[in-house]
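Results of the structural survey
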Amino acid sequence: MKKKILLPAAVLLLLCIALTGVLTACNKGENTGVFASGVIPVQDEYGYWGYADSNGEIVIPCEYNYATAFNGEYAAAGRGSASYVIDSSGKQVAGPFGSVVLFGNDAIVSDLGADGYYIYTLSSGERSEIFDRYEYLPEPEAVRIETDASGGIVAEYRSVEGGAVQPADENASFFVQGSTQYIFEFGSMAVAGATNYAEPGECSVYNLETSTVANYAGVTDITPMPSADAAVCAAVTSSDAEGNTRVDFILPDGTFINGVYDVSLTDSVPGVTLARVAYNDAEKADGYFLFNDKAVLWQGEDISALNAPLLGSCYYTEEEGAFTFYTEYGAFTHTPEQIDGATVSFSSCTLAGEGAIAVSYAVIPAEGDISYRNVLLRLNEQGFAEVSDVSAFAEKKLSVVYVTEEWNLIVRNNLSGRYGVTDISGDTVVDIVYTGVRPLGGDFYAVKMGNAESVYKVGSGELMPFIFTAVCPEEAL
Amino acid sequence: MKRKSIIITFALALCVAAALVGVLAACSNTETDSVFSSGMLGAQKDGGLWGYVSSDGEWVIDAKYDEVTQFAGNYAAVTLGSKHMLIDSDGNEVMELASSDISCNKEKTRISVNEKYTGMTGVINAENAEWVLQPAYDNIVFGESGYIYAGMSSAVGVFDADGAQILPVEYNAYLGSNADVFYKYTEEDTEINFFTPGAAPDKVVQEGAEVSYLSGSGEVVCYSYTDTEGNIVQKLPGNANSYVEGENPIYMAYDNVMLVEEYSEGTATGTMDLQKLDGTSITRQAFTGATYKSDHILSLSANNVDGSTIDWVVDTLGAQADTVSGSAVRLGDNTVWVMSEDGKTFTSLDGASSKELTLGEGVKLEFMFSTTAYITSKAGVFTIVNNGAEVAALPLGTLYVAFTEDGAYVSAMNNRGYYAVYKADGTQVLGFDLQITDAA
């Protein structure tokens, strides 16, 4: 009886060895988080990309010049001028193409040596009609597709949902005809139209979030108003049948401001723009609008209520001891602990990762020692700021560099110059010994040691030896 | 005249000795074997590639490398084109490295290497190439007594020879000639750890203390703080005395000695105490002038009670001092002698012993390692003299001859740029025929 039980185990082991050739391959690797598809892109010492499992074993050889992460079944990888769609065994399931950008089960591809792009459905091999250009808009996730036509451009917006490029909404398609053509996006708004002072044209202002459109006729000027490199708002000038000129100033969240004759922008804080709007009506005071690319954060007529940016990092207002900071991520309100007779003096407010800011201030009492505070503020889903006091970190010579989605902190030791991760209470979660740390989501971090990178899992440590120049590159589209 | 020529040849000879055994000094400085490390010498063949020759005078690893280092234990680092690797004594590749920069401890039991993929520095066992300290550091320095100092940017930690942590990587470091000091500031105090050769590590916690080098020569580390009366107090590792501003401050330190000023009722008396670094007094005099030479000899003048002055010479390394007339020189064996005008008679600092060199007609003194081991030349032919006898004559065409730092070997270079090595007893070890043009 005993022998019967033992034998199958031995046979199984032998089978395992025979099938895979190496005993270690029977080790179960990670298959969650960044390893959900089993493999991650890795770059070898020669600069070539391939894929490895969580033990660092190469699964798809490093023969590509670039390789994207798998999203579900497929990834894109290119060698020389040819790009392919590959599956997790490394098989080239589609291509060679001139270019490939994957959207789940769809891809926007171009053929080798040919102009024009089309949507390719991986499961069926179906191709859409050819278009001349496209631009991927990460937020909200959409693609603008342009086809040249006589006298103009046919532009349309398609959303990317459920891992596929959705067909165009009938509202989202514009024929932009005219001598000076514009198509540009800012925030969740898109403006498409043509201007020609001699022959006024049409303009459509499209809200990508709500799929609604406002159309103008008689447009004589469309002005994208840029802050740094990209448009952050727009001014559309049109004239009506009686020849009255009207200027509409459009903000990234879809707010329309009418009756405008001048707009000027200030851009001293990253991701936040301050606009001063002068109205046609002489009796109407100037309006000030402070906005990021999603929403108007503050508006008012009294600019003195808005405090000058703290060290160039954010504007703020104060109301009865509550301070509101206006940042690229939104408005954060924080009420520092009130101590009778004490004044609060802010020294800095810096962006610290996705949706979080780090604020430093001093509490100066009427008598006694000044205490220094470092707090992290993060917006939760309800829009309220969650606060965490990280003042104790300074004693340990740690600076908070980034707040992850999981509310962990990527920290830097100011003495050793090394990075690691702690939880919100300061307990080390990733040893503070690495020359660089990047979040990969969940418990996974890309850790860098000198010229090599590895993946670190919280609780397990480094999953693979430091043999790759890079792992899990940031996606660039 | 003779004195001058000795100084010139000292300099030349020093250069030769350095070229032969100095490039990667950290691994070739050993008290046992200054030329052959693990029985081999990294050598360049005929101005081209590098290999290794044994003390039997044979090329044991062919000259096929672009760069080599001396062996430390069982391993050396070599470069072949763009590839850097660690090889064993048979010439087998053991591991790839990011560079051929290696250093080793005094005992040659541990080697610091730059790991191939990360480029970071770690420590391996020189016997089996296994990692003792993982390559996560920006730099590694080997300290006394087998300690390893590992740094990440400006933070340094201390590990023992097996990689066990003694101090975490969060300290500032001052490496001094008298001690290696690791300190950090806490809320109110400074925590100072001393690692002194031959003594157990020591720790002091002192409010407001600062660590620094004493002014003078030789990087003597001390720490100072302000006492409750507002005076600056200086302290040295291994020295129980407190040197207080306005009472007995340290004037200057030179290698292993220091001058301490004496004050009486707030005014300097003019008397200084020459002390060893541990506080032991060598002599108290009214010293007035100090001249320090690069061979670690300090000349001082002192005023006598009757107004006359007297010259003192201090061997700052050996911490000995005496009154002398005549100039003092430090020989290759690190002993200090007062030399006569004609350069032939040498008297020890304490006057107890003297040695007169007998040089024949037309014989020039070229290089002195000690009063009994030196090199002479006559009509262009160099001779090695040891223990009073001429033990070897070098062939014609030899241009430079010098003893190595430890006096165990004599290296020579001929007019073709080739090196030869002899033992101090005159036995030839490597000949000019091996075409060695440079050594690791």
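Residues numbered from 1 in each chain as written. Chains lettered and ligands numbered in written order. Predicted model: local features only at pLDDT ≥ 70, side-chain atom pairs only at ≥ 80, totals over all residues.

1. What about the overall build of chain A?
Going by this rule: For the purposes of this entry, the term helix denotes a DSSP run of H or I that reaches at least four residues, the term strand denotes a run of E that reaches at least two, and both are numbered from the N terminus. Residue burial here comes from a neighbour count, namely the number of other C-beta atoms, placed from the backbone, that lie within 10 Å of the residue's own C-beta, with 20 or more meaning buried, 12 or fewer meaning exposed, and in between meaning partly exposed. Each residue is represented by a C-beta atom placed from its backbone, and any two residues with such atoms within 7 Å are regarded as in contact.
When its secondary structure is counted, chain A shows one helix and 43 strands. C-alpha atoms of chain A, sized along the principal axes, occupy 100 × 75 × 45 Å. The buried share of chain A, taken over its 477 residues, is 35%. Taking the contacts inside chain A whose residues are at least 6 apart along the sequence as the reference set, 32% of them involve residues at least 24 apart.

2. Regarding the overall build of chain B
Counting its regular elements, chain B contains two helices and 43 strands. Principal-axis analysis of the C-alpha atoms places the extent of chain B at approximately 70 × 65 × 25 Å. Considering chain B as a whole, with its 440 residues, one finds that 39% of them fall into the buried category. Counting only contacts in chain B whose residues sit at least 6 apart along the sequence, the fraction spanning at least 24 positions is 34%.

3. Observations regarding the nonpolar core
Generally speaking, soluble globular proteins have nonpolar side chains that are buried together. Note the following rule: What makes a nonpolar core is a set of buried Ala, Val, Leu, Ile, Met, Phe, Trp, Tyr and Cys residues, with links drawn between C-beta atoms within 7 Å.
Counting 239 residues, the largest nonpolar core has Ile40(A), Ala107(A), Phe325(A), Ile357(A) and Val455(A) as the members making the most contacts within it. Ignoring anything within four residues of it in the chain, the contact list for Ala107(A) reads Val85(A), Val100(A), Val101(A), Leu102(A), Tyr120(A) and Leu122(A).

4. Quick notes on the sheet that holds strand 23 (residues 260-269) of chain A
Backbone-to-backbone hydrogen bonds pair the strands of a sheet. The strands run either parallel or antiparallel. Residues and elements named next belong to chain A. Filter applied, for reference: We treat two strands as partners when DSSP finds at least two bridges between them. Between N-to-C directions, angles cover 0 to 180 degrees, with each direction set by a line fitted to C-alpha atoms, over the stretch in contact for helices.
Read across the sheet, four strands follow the order 23-24-25-26 without closing on themselves; strand pairing throughout is antiparallel. Unpaired on one side and paired on the other, strand 23 and strand 26 (296-300) mark the two borders of the sheet. Put simply, the sheet's adjacent strands are angled 20° from each other on average, direction ignored. In terms of strand pairing, strand 23 meets strand 24 (residues 272-279) through seven bridges, oriented antiparallel. Across the sheet, the residue bridging to Leu265 is Ala275, located in strand 24.

5. Let's talk about the pairing of strand 32 (residues 356-364) of chain A
Residue and element names in this part refer to chain A. Alignment of strand 31 (residues 343-351) against strand 32, held across eight bridges, turns out to be antiparallel. The residue of strand 32 that forms the bridge with Ser345 is Ala362. Counted along the chain from strand 31 to the antiparallel partner strand 32, the turn is four residues long, and its residue Gly353 has a positive phi close to 105°. In this structure, strand 32 lies alongside strand 33 (residues 371-379), joined through eight bridges in antiparallel fashion. When the bridges of strand 33 are listed, Ile357 appears paired with Leu377. What sits between the antiparallel neighbours strand 32 and strand 33 is a turn of six residues, in which Gly368 has the positive phi angle 100°.

6. Some thoughts on the sheet that holds strand 3 (residues 59-65) of chain B
All names here are of chain B. Across the sheet, which stays open at both edges, the four strands sit in the order 3-2-1-43 with antiparallel pairing between neighbours. This sheet does not close on itself; its edge strands, each paired only once, are strand 3 and strand 43 (436-439). In this sheet, neighbouring strand axes are inclined to one another by 35° on average, regardless of whether the strands run parallel or antiparallel. Bridge count between strand 1 (residues 40-45) and strand 43: three bridges; the pairing is antiparallel. Within strand 43, the position partnered with Lys45 by the bridge is Ile436.

7. Here we look at the environment of Val60(B)
Here Val60(B) lies in strand 3. When the C-alpha atoms of Val60(B) and Ser112(B) are compared, they prove to be 25 Å apart, with 52 residues separating the residues in sequence.

8. As for the environment of Asp293(A)
Here Asp293(A) lies in the loop between strand 25 (287-291) and strand 26. Between the alpha carbons of Asp293(A) and Pro252(A) there is a distance of 5.6 Å; along the sequence they are 41 residues apart.

9. Side note on the confidence of the model for chain B
Residues and elements named next belong to chain B. As a reminder of what qualifies: pLDDT measures how confident the predictor is about each residue, on a scale from 0 to 100.
Per-chain confidence: chain B averages 89 in pLDDT, with 93% of residues scoring 70 or above. Low pLDDT, under 50, characterises residues 1-26; the stretch is placed with 38 contacts to residues that sit more than four places away or in other chains. Predicted confidence is poor over residues 28-32, with pLDDT under 50, and the contacts of this stretch with residues over four places away or in other chains come to seven contacts. Interface scoring of the predicted complex returns ipTM 0.83; its pTM is 0.85.

10. Examining the environment of Leu236(B)
All names here are of chain B. Mapped onto the secondary structure, Leu236 falls in the loop between strand 22 (232-235) and strand 23 (243-244). Using a count of 26 C-beta atoms within 10 Å as the deciding quantity, one classes Leu236 as buried. As for Leu236 and Cys222, which are separated by 14 residues in sequence, their C-alpha atoms are 4.8 Å apart. Once residues lying within four places of it in the same chain are set aside, the contact partners of Leu236 are Asn178, Cys222 and Leu277.

11. Considerations on unusual backbone geometry
Here the bond from Gly95(A) into Pro96(A) is cis, since omega is 10°, no more than 30 degrees from zero. Position of Pro96(A) relative to the elements: it lies in strand 7 (residues 92-97). Non-glycine residue Ala319(B) carries a positive phi angle of around 55°. Owing to 19 C-beta atoms within 10 Å, Ala319(B) belongs among the partly exposed residues under this scheme. At Asn334(B), a residue that is not glycine, the phi angle is positive and equals roughly 75°. Note that Asn334(B) resides in the loop between strand 31 (327-330) and strand 32 (336-339).

12. Overview of the pairing of strand 39 (residues 436-441) of chain A
All names here are of chain A. Sheet analysis places strand 39 next to strand 40 (residues 444-449), joined by five bridges and oriented antiparallel. Note on strand 40: the bridge partner recorded for Val437 is Val447. Once strand 39 ends, the chain turns through two residues before running back antiparallel as strand 40, passing Gly442 with a positive phi of about 60°.

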